[in-house]
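Spelled out, the chains give:
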Amino acid sequence: MIDDKLYEAINQQVTEEYAAAYLYRHLANEMDALSFPGLCEWFTAQAAEECEHAQKFAQHIIDRGGRVKPHTIEIDAPEVEGPLEAFTAALEHEKKVSEQIRTITRLSDEVGDLESRPLLNWFLNEQIEEEANVGEIVDQLKLVGADGSGLLRIDARLAGRPTPPPSAQ
Ligand SMILES: [Fe+2]
């Protein structure tokens, strides 16, 4: 059986991952509204990946004999002026998620829950990758600034990112 405090934290993370999906879906819509179809595709794929993350945590709870309790999803999703603002918001969000994963990992250590470690290690690694990927895009967007052809090149490069099929991760 899973420790109560650890259960609550993992269960909360299911909602947090769906909140990230909701935020990225919003940013996809914003990129679509601002005529950046490639960036819209990138955020759409990212939103799908966050739903997969939510399910990974949910599956862990179920596999260990628990039930998933959904919580209210609340996001702070403002209108954005352009791609740099959208990806900066994404980077900030990923940093927040990294801290959430670290907090759950510390808690799992505290209660000596060895079984959750493979899952949490996967997420710790995933967060390194997420922050690096989004950070690179933020750097490139800063480099091109308001240059239209530079922005369109980034838009073209980030188009066509494959959406993960359910449970492929
Ligand atoms: Fe995630």
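Computed from a predicted structure; not experimentally measured.

## Points about the environment of I104
Then, number 1: By the secondary structure assignment, I104 is in helix 3 (residues 83–110).
Then, number 2: When the 22 C-beta atoms within 10 Å are taken as the criterion, I104 is described as buried.
Then, number 3: C-alpha of I104 to C-alpha of A9: the two residues are 95 residues apart in sequence and 6.3 Å apart in space.
Then, number 4: Non-local contacts of I104, meaning those with residues more than four positions away in its chain, are made with A9, I10, Q13 and L120.

## Thoughts on the packing of helix 1 (residues 4–33) against helix 2 (residues 37–63)
Then, number 1: One way to put it is that helix 1 packs onto helix 2 with a least axis distance of 8 Å and a crossing angle of 170°. It follows from the interaxial angle that helix 1 and helix 2 lie roughly antiparallel.
Then, number 2: The residue makeup of the contact of helix 1 with helix 2, split by class, is 20 nonpolar, six polar and four charged.

## Focus: the packing of helix 4 (residues 117–144) against helix 5 (residues 148–157)
Then, number 1: Relative orientation of the contacting elements helix 4 and helix 5 amounts to 160°, with a least axis distance of 8 Å. With respect to helix 5, the axis of helix 4 lies roughly antiparallel. Two secondary-structure elements touch here, helix 4 through Q140, L141 and V144 and helix 5 through G150, L151 and I154.

## A short note on unusual backbone geometry
Then, number 1: Positive phi values are uncommon outside glycine, yet S35 reaches one of about 65°.
Then, number 2: Looking at the element boundaries, S35 is found in the loop between helix 1 and helix 2.
Then, number 3: Overall, S35 belongs to the exposed group, with 10 C-beta atoms counted inside 10 Å.

## Some points on the nonpolar core
Then, number 1: In terms of nonpolar packing, the biggest core is built from 36 residues, with Y24, L27, A28, M31, L39, F43 and A90 touching the most fellow members.
Then, number 2: Going through the elements one at a time, helix 1, helix 2, helix 3, helix 4 and helix 5 are the ones with two or more residues in this core.
Then, number 3: Looking at this core element by element, the count peaks at twelve residues for helix 1.
Then, number 4: Residues within four places of A90 in sequence aside, it is in contact with Y24, L27 and V134.

## Looking at helix 2
Then, number 1: The end-to-end C-alpha distance of helix 2, which contains 27 residues, comes to 39 Å, matching closely the 39 Å that a straight helix rising 1.5 Å per residue would cover.
Then, number 2: Just downstream of helix 2 lies G65, where phi reads positive at about 90°.

Cut-off values and rules
- Residues numbered from 1 in each chain as written.
- Predicted model: local features only at pLDDT ≥ 70, side-chain atom pairs only at ≥ 80, totals over all residues.
- Helix = DSSP H or I, 4+ residues; strand = E, 2+ residues; numbered from the N terminus.
- Buried ≥ 20, exposed ≤ 12 C-beta atoms within 10 Å, placed from the backbone.
- Contact = placed C-beta atoms within 7 Å.
- Axes fitted to C-alpha atoms, helices over the stretch in contact; angles between N-to-C directions.
- Parallel < 35°, antiparallel > 145°, perpendicular 65-115°, else oblique.
- Nonpolar A, V, L, I, M, F, W, Y, C, P; charged D, E, K, R; others polar.
- Core = buried A, V, L, I, M, F, W, Y, C linked by C-beta atoms within 7 Å.
- Expected span 1.5 Å × (residues − 1).

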